[in-house]
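# Descriptive structure summary
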There are 2 protein chains.
Amino acid sequence: MTISYPGHGLDRADHSRTDPALLAALRARADARLLLMDALSPVLDAANGLSYGAAADLPPDAETVFLGMDGELPVFAVVPAEGDDRPAYLQKPNWAAIALLGLQDMALYATARSLVDWHARHRFCARCGAPTHIAKGGWQRDCPACTAQHFPRTDPVAIMLVEHDGDLLLGRGTQFPPRSYSALAGFIEPGETIEQAVAREVWEEAGVRVHSVRYIGSQPWPFPSQLMIGCHALAEGRDLTVDYTEIADARWFTRAEVAEAMERRADGAAFIPPPAHAIANAMLGWWLERAR
Amino acid sequence: MTISYPGHGLDRADHSRTDPALLAALRARADARLLLMDALSPVLDAANGLSYGAAADLPPDAETVFLGMDGELPVFAVVPAEGDDRPAYLQKPNWAAIALLGLQDMALYATARSLVDWHARHRFCARCGAPTHIAKGGWQRDCPACTAQHFPRTDPVAIMLVEHDGDLLLGRGTQFPPRSYSALAGFIEPGETIEQAVAREVWEEAGVRVHSVRYIGSQPWPFPSQLMIGCHALAEGRDLTVDYTEIADARWFTRAEVAEAMERRADGAAFIPPPAHAIANAMLGWWLERAR
């Protein structure tokens, strides 16, 4: 059994990206939609959905990315002046807003935010230092000086539920809100598999060896551009050596404690679980469900 | 059932990366090992293993990356003057050399190659264009002008076995050697899950809708820095609409054809399978094995 998320519902129409004339025609259409963002934050409508304007209202030289076709309608987003690669929970208004989005809107916002933030933080060529320009509808940047091509990043992150004797190992980031615990996680490094990254991160952060790593599901996370890869693993023991330079705490929770926390009775529960729109929340739900 | 790969056997010793004095001491040790590379290619010893020299023989200003501890011995690699981000099969001597490496050596080479190639192609700050300098033992670059931090890339790629009625869909890249077929594959884009990337790529390249996507295993692939995420999916039908701008061909193969090809009787077989050190080869073996 795995967990899955809905897509954003747009046809990414990748062939249109490589056809500058077609792209320009899509961009010039009076009915071309513009996904509204306040810099990098979503702009919610009255029903807490994403809001749209008209791409035609943009200045002609606005840097835009082509997100795809929503049925017959092309959808664009604008690159802001500056990016922001801080974790989501440090972007307070944004953090509150995304909690209100449905999963399909979250997927579209994730795509748009990752793309436009990447452009805003990558206006120069990493190979030669020259200014680059947006290409292929926002899915590439080209360097006119050295001809290098640059592509938006997607950084794979391993996030894992570690189990021992029916209990679950959860941890706190150093800047988490009080009493919040979530699954341990870390970037997958060059030269390792998903499973090796899971084992290394749990060892580094909590001092526990794991085995039997298995994949549960994945979710894009646009702060700034992670692909969260959810896994389950079994611990060889329950003695912990927490690395307090990396995380604020890690401890074992019983199934009853996890179940109570997920029922959102925050006052009485042992911890506050991750928000509903994060994969860690779905992973905890998966874990409770599968053991019933 | 999943497929798995051995790690490179080194302790990545990530704490050492953040301690400049400790790093310098490791680098200065007379017994510090240097993984030898000919630019970006592995240098094989008589037993087709990786070769090592002494880090002490390097000039003091050589840009080095710290790969980790091999038991008590620190292991380093050197950043070459230039990188190379072409696909592996276009790097002919290299392609031949890696086929001779064992899987554990391949994992270490993959780590080293991805890291040093990334440095060679990312000497400037993408945010402001200024020259950057290597930091944290090669696991970061810092910009002294705008204070941006940059991290080595790991680009997730979905690679998939698509099955219909017991047959398997395989394709040819436009620059593959003659008669070679492999699993379809493509970069996971910002804003999509692994499963959505599988479905999108198969639809774009072969015109087939898939369902029941499941994870099989993962492998790092250092040309230049992919994390290959192997999946299996079921096709809704067998009519193909191949996108010849993306791939040279795609077609269905019977189980008998796949089994014969994997037995390496290249002359008589329907196709030449992917090389033994690529995840696609292990995936084909997994597929044949599980249906027995």
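As a reminder, the structure under discussion sits directly above these lines.
To keep things clear, this report deals only with the structure shown in the data block. (Residues numbered from 1 in each chain as written. Chains lettered and ligands numbered in written order. Predicted model: local features only at pLDDT ≥ 70, side-chain atom pairs only at ≥ 80, totals over all residues. Heavy atoms only, no water.)

## As for the overall build of chain A
Rules: To qualify as a helix, a DSSP run of H or I must reach at least 4 residues; to qualify as a strand, a run of E must reach at least 2; elements of each kind are numbered from the N terminus. It is over C-alpha atoms that the radius of gyration is taken, and the globule rule equals 2.2 Å times the number of residues to the power 0.38. Partly exposed describes any residue whose relative accessible area lies between the buried limit of under 20% and the exposed limit of over 50%, with all areas from a 1.4 Å probe on protein chains only and scaled to the type maximum. Contact criterion: two residues are considered in contact whenever any of their non-hydrogen atoms come within 4.5 Å of each other. Residues scored as charged are limited to Lys and Arg (positive) and Asp and Glu (negative), so that His and the chain ends carry no count. A charged residue contributes its charge at one atom only: NZ of Lys, CZ of Arg, CG of Asp or CD of Glu.
Helix and strand content of chain A: 7 helices and 15 strands. Its C-alpha atoms give chain A a radius of gyration of 21 Å, within 12% of the compact-globule value 19 Å for 292 residues. Dimensions of chain A along its principal axes, counting C-alpha atoms only, are 60 × 45 × 30 Å. Put simply, chain A has 292 residues, and 58% of those count as buried. Counting contacts in chain A only where the partners sit at least 6 residues apart, residues at least 24 apart contribute 64% of the total. Averaging the positions of the 26 positive and the 37 negative side-chain charges in chain A gives two centres separated by 0 Å.

## Regarding the interface of chain A and chain B
Our working definition: Buried area: the accessible area, evaluated with a 1.4 Å probe, that two parts lose upon being put together, summed over both parts. Any carboxyl oxygen of Asp or Glu within 4 Å of a side-chain nitrogen of Lys or Arg constitutes a salt bridge here. Under this definition, polar contacts are N or O atom pairs within 3.5 Å; protein pairs additionally need one hydrogen-donor-capable and one acceptor-capable atom, and for neighbouring residues in sequence, both atoms have to be side-chain atoms. Amino acid classes used here: Ala, Val, Leu, Ile, Met, Phe, Trp, Tyr, Cys and Pro are nonpolar; Asp, Glu, Lys and Arg are charged; the rest, including Gly, are polar.
Chain A puts 47 residues into the contact, and the matching count from chain B is 47 residues. The junction of chain A with chain B conceals about 3900 Å² of combined surface from both sides, 53% of it contributed by carbon and sulfur atoms. Where chain A packs against chain B, one counts 6 salt bridges. In this structure, the salt-bridge partner of A:R12 is B:E189, at a minimum N-O distance of 2.6 Å. Run the count over chain A and chain B and you get 26 residue pairs in polar contact (both at pLDDT 80 or more). Mapped onto the side of chain A that touches chain B, the elements with two or more residues apiece are α1 (14-17), α4 (103-121), β10 (155-164), α5 (194-206), β13 (210-221) and β14 (226-235) of chain A. Here the side of chain A that touches chain B is built from residues that sort into 19 nonpolar, 13 polar and 15 charged.

## Details of the layout of surface pockets
We count it as follows: The pocket and cavity definitions rest on a 1 Å grid over protein atoms only: a 1.4 Å probe that fits but cannot leave marks a cavity, an open set with protein on both sides within 12 Å along at least five of seven lines marks a pocket, and residues lining either have an atom within 4 Å of a point. Grid points are joined across faces, edges and corners, and a volume is the space filled by probe spheres set on the points.
Computed from the structure, the second largest pocket encloses a volume of approximately 690 Å³. Residue lining of the second largest pocket: 25 residues in total, with A:Q196, A:A199, A:R200, A:R209 and B:L10 positioned closest to the centre. Mapped onto the lining of the second largest pocket, the elements with two or more residues apiece are α5 and β13 of chain A together with α1 (14-17) of chain B.

## Focus: the sheet that holds strand β8 (residues 140-142) of chain B
The criterion, for reference: Paired strands, as defined in this entry, are two strands with at least two bridges between them according to DSSP.
The strand order across the open sheet formed by 3 strands is β7-β8-β9 (chain B), and the pairing between neighbours is antiparallel. Sheet topology places β7 (133-135) and β9 (149-150) of chain B at the edges, where each strand pairs with a single neighbour.

## Quick word on empty space enclosed by the protein
Empty pockets left among the atoms are what a rolling probe the size of a water molecule brings to light. For the structure shown, the criterion picks out 5 cavities of 30 Å³ or more. Size it by volume and the largest cavity reaches roughly 90 Å³. What lines the largest cavity is A:G191, A:E192, A:Q196, B:Y5, B:P6, B:L103, B:M106, B:A107, B:A110, B:Q219 and B:P220. With 4 residues, the single largest contributor to the lining of the largest cavity is helix α4 (residues 103-121) of chain B. Its residues assigned to classes, the lining of the largest cavity shows 7 nonpolar, 3 polar and 1 charged. The space that makes up the second largest cavity amounts to roughly 80 Å³. Around the second largest cavity sit A:Y5, A:P6, A:L103, A:M106, A:A107, A:A110, A:Q219, A:P220, B:T193 and B:Q196, which together line it. Counting residues per element, the ones that place at least two in the lining of the second largest cavity are α4 and β13 of chain A.

## Things to note about the relation of the copies chain A and chain B
For the record, the criterion: Here the copies are matched by least squares. The fit uses the C-alpha atoms of residues with pLDDT of at least 70 in both.
With an axial shift of 0.0 Å and an RMSD of 0.0 Å, the rotation relating chain A to chain B amounts to 180 degrees. The superposition of one copy onto the other is thereby described by a two-fold rotation axis. Residue A:G129, judged by its C-alpha, is the member of chain A lying nearest the rotation axis, at 2.1 Å. By residue overlap, the copies meet face to face through one surface: 100% of the interface positions of chain A are interface positions in chain B.

## Re the pairing of β13(A)
Taken residue by residue, a regular strand's side chains alternate between the two faces of the sheet. Residue and element names in this part refer to chain A. For β13, a buried count of 9 out of 12 residues is recorded, marking the element as mostly surrounded by other parts of the structure. In this structure, β13 lies alongside β14, joined through 9 bridges in antiparallel fashion. Looking at the pairing, Y215 lines up with C231 of β14. Between β13 and β14, which pair antiparallel in sequence order, lie 4 residues.

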